[in-house]
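Understanding the architecture of this molecule
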Amino acid sequence: MMKKIALLLMLCFGFTATAQKMQVNYKFSEKYADRYKYSNLLTIDNDGADGTILVRSYYTGLILKPKGYYIEHYNKNLDLVSEYNYKLKDKDFVNGFISNGQLYLIFLEYNPSKETYDYIAHQSPLNNFAFTQKTILSVPSKQVDNPLDKNYYNRNFASGFTTSVLFNKRKDAFVISAHFKKAKDNQHFIYVFNNNLDLLITHDFSAEVETKNYAFESVEITKNKKEVFLVAKAYFKKRRFSALERKFQYELLKVSEEERVMKTFDEPGKFLEALKPILTDEKFVCVGFYANRKDNRYNGLSYFKLDEGSLDVKDKKFIPFSAQFMADKFGKEEDSKEVKNLVFKNAEIASDGSILFNAEEYFVTSGYQSNPGGGSRVKISRYHYNDMVGAKLSDDGDLIWVRNINKSEVTQGDGAYASYSTFTKGDNTYFFISTAAENPQLINNERLVFRQGLSRNRNIFLIKLDAKGFMTYEKIIDSKTARLPLMVSKPLTNKNNILFYAKRGTKKQLVEVTF
């Protein structure tokens, strides 16, 4: 009887447990009922009082269609304190954030009467949801398909209008890029807003788009919000390329009200394949990957120390992948093997000045399959989230370590359950992954591979890279404990803990992991 009472209390009020080796605790909230079986988590943020706000888009109907946005508010004890159904449809969600006790949801929508694309902010206090609307930007354009650039592989510059939005890590400012053209009129503007929706900078970027199309990928913004640093993948406007010609280059752009400064980093035999800016009070650096040839094969890491004002390069390093990294990824027989498709996830500077960053092998494939109703075939996109790369550079950009963690995942649906998330504490970098496999697979007695597995229940593994790059791992939450799958790639990261949303069907809960 006592065992049954203990189990009942655990199910009703959640429980806390400790991982055996890793110095972490985890805690489950109560499982809550949810009326919307089909939804996607859009944003998760701190409410300013150690609580959590989640925003989901939900879908209903015989043929599933988006019908609105569901908002959940949890307190610091993981109790669900309020919910709100924001019945809004036919809008293109951009992002959401919290500032001064207000929830802001940014949407892009087309106004056919004015023939403009409007960025509209929907704003509500957290203690009593009641939204008001404010148009913060209007761009004249004919209506086009997929105007909002949402990922690395959906860059359509020929439609007549394309736009993208980048938030900085603090989410206290954001940048809107709007490129629109009609006949010979080809214009590109960059707008910078703070988190009170004040327009801080308007910059005419039109002269640059005469020769190149710009796909912005990351942003850093100074604390006074007077200068913005944007990394762009700039595509040359040539109709034909020879086999040896490179179709793009990475560029760093500095924008303020007074000036624009551009910087490129390619040089003979060294071609950037990615670039990430990191700005602190002490220094401004960019890290990335590079290739020795004009193709998509990565050969190592790149490091640039820059003057924040002029963008002059004060120091640079091109660092080949280490033997340890190649052995991690390919084993001892790594000849002719290729490293490709790395996409940055996180980068930061530690208290000792060292640089920690990680990336993921991500790519998309497509194919056709028969329609269940018969008579036709439909195109299916598959999203691959494979190996994870972790690296540490010294304060001067020298390689301390770089490691590859083998992983294999593919999904056709919600990517929130795939991929990974990271947490950095002291000299340690932690990787959270979700897998149905009970243990990683050992290949040739030398390489571990975390595979997706087939069960609908998921284990949570925590992988640690310490100060010297030594790798350890542990299953910290068993699938028998975590009955709902965690959205492992969309966490809320706080100073000493990381929060995950878990959901399946009509059940949901929060999971907190504390270091």
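Residues numbered from 1 in each chain as written. Predicted model: local features only at pLDDT ≥ 70, side-chain atom pairs only at ≥ 80, totals over all residues. Heavy atoms only, no water.

1. As for the overall build of the protein chain
Of the regular secondary structure elements, the protein chain holds 2 helices and 36 strands. Against the globule reference of 24 Å for 515 residues, the protein chain gives a C-alpha radius of gyration of 24 Å, in line with a compact fold. Seen through its principal axes, the protein chain has C-alpha atoms that stretch 80 × 60 × 60 Å. Expressed as a percentage of its 515 residues, the buried residues of the protein chain come to 53%. When contacts within the protein chain are restricted to residue pairs at least 6 apart in sequence, those whose partners lie at least 24 apart make up 49%. In the form shown here, the protein chain has an accessible surface area of approximately 24,700 Å², with 47% of it arising from carbon and sulfur atoms. Between the averaged position of the 76 positive side-chain charges in the protein chain and that of its 61 negative side-chain charges there is a distance of 7 Å. (Helix = DSSP H or I, 4+ residues; strand = E, 2+ residues; numbered from the N terminus. Rg over C-alpha atoms; globule rule 2.2 N^0.38 Å. Buried < 20%, exposed > 50% of the residue type's maximum accessible area, 1.4 Å probe, protein only. Contact = heavy atoms within 4.5 Å. Areas by Shrake-Rupley, 256 points an atom, 1.4 Å probe, with all protein chains shown as cover. Lys, Arg positive; Asp, Glu negative; His and termini not counted. Charge placed at Lys NZ, Arg CZ, Asp CG, Glu CD.)

2. Some remarks on the environment of Lys503
Mapping Lys503 onto the fold places it in strand E35 (residues 497-504). Judged by relative accessible area, which is 3%, Lys503 ranks as buried. For the pair Lys503 and Tyr417, spaced 86 residues apart in sequence, the C-alpha to C-alpha distance is 9.7 Å. Once residues lying within four places of it in the same chain are set aside, the contact partners of Lys503 are Asp34, Tyr36, Lys37, Ser39, Arg56, Tyr417, Leu484, Pro485, Met487 and Lys508.

3. Quick word on the confidence of the model for the protein chain
In regions of low pLDDT, the predicted coordinates are not meant to be interpreted in detail. Averaged over all residues, the pLDDT of the protein chain is 89; the fraction at 70 or higher stands at 91%. Confidence drops under pLDDT 50 across residues 1-15; counting only partners more than four residues distant or on other chains, this segment forms 10 contacts. (pLDDT = per-residue confidence, 0-100.)

4. Here we look at the sheet that holds strand E8 (residues 92-99)
Taking strand neighbours across the sheet as the criterion, the 4 strands line up as E8-E9-E10-E11 in an open arrangement whose pairing is antiparallel. The sheet is open, and its two edges are formed by E8 and strand E11 (132-140), each paired on a single side. The average undirected angle you get between the axes of adjacent strands in this sheet is 20°. Where E8 meets strand E9 (residues 102-111), 7 bridges bridge the pair, whose relative direction is antiparallel. Paired with Phe93 across the bridge in E9 is Phe107. (Pairing = 2+ DSSP bridges. Axes fitted to C-alpha atoms, helices over the stretch in contact; angles between N-to-C directions.)

5. Considering the packing of aromatic side chains
Throughout the structure, instances matching the rule amount to 44 aromatic pairs. Arranged with centres 4.6 Å apart and planes meeting at 5°, the rings of Tyr117 and Phe161 form a pair that is stacked. With Tyr117 in strand E10 (residues 116-125) and Phe161 in strand E12 (residues 161-167), this residue pair connects regions lying 44 residues apart in the sequence. On the accessibility criterion, Phe161 (1% relative accessible area) is buried. Taken together, Phe289, Tyr298, Phe321, Phe325, Phe344 and Phe357 form an aromatic cluster joined through their ring pairs. Sitting above the plane of the Phe167 ring, Lys171 keeps its charged end 5.7 Å from the centroid. The ring of Phe248 is capped by Lys233, whose NZ or CZ atom sits 4.3 Å from the centre of that ring. (Phe/Tyr/Trp six-rings, centres within 6.5 Å; stacked < 30°, edge-to-face > 60°. Lys NZ or Arg CZ within 6 Å of the ring centre and 35° of its normal.)

6. Here's the deal with a positive patch on the surface
A cluster of like positive charges, contributed by Lys31, Arg456, Lys480, Arg483 and Lys507, occupies part of the molecular surface. Looking at the element boundaries, Lys480 is found in the loop between strand E33 (471-477) and strand E34 (492-493). For Lys480, a relative accessible area of 63% gives the class exposed. (Patch = residues over 30% accessible without salt bridge, like charges linked within 9 Å, V, L, I, M, F, W, Y side chains within 5 Å. Salt bridge = Lys/Arg side-chain N within 4 Å of Asp/Glu carboxyl O.)

7. What to know about the pairing of E11
Two elements, E10 and E11, share 8 bridges in a ladder whose sense is antiparallel. Pairing of Tyr119 across the sheet is with Leu137, part of E11. The antiparallel hairpin formed by E10 and E11 contains 6 residues in its connecting segment.

8. Comments concerning the side chain of Glu220
With respect to the helices, strands and loops of the structure, Glu220 is situated in strand E16 (residues 212-221). An unpaired buried charge is present at Glu220: no salt bridge exists, and Arg170, the closest side chain of opposite charge, is 5.1 Å distant. A distance of 3.1 Å separates the side chain of Glu220 from the backbone nitrogen of Leu279, its partner in a polar contact. Not counting residues within four places of it along the chain, the set of residues in contact with Glu220 comprises Glu227, Val228, Phe229, Pro277, Ile278 and Leu279. (Polar contact = N/O pair within 3.5 Å; in protein donor to acceptor, adjacent residues only side chain to side chain.)

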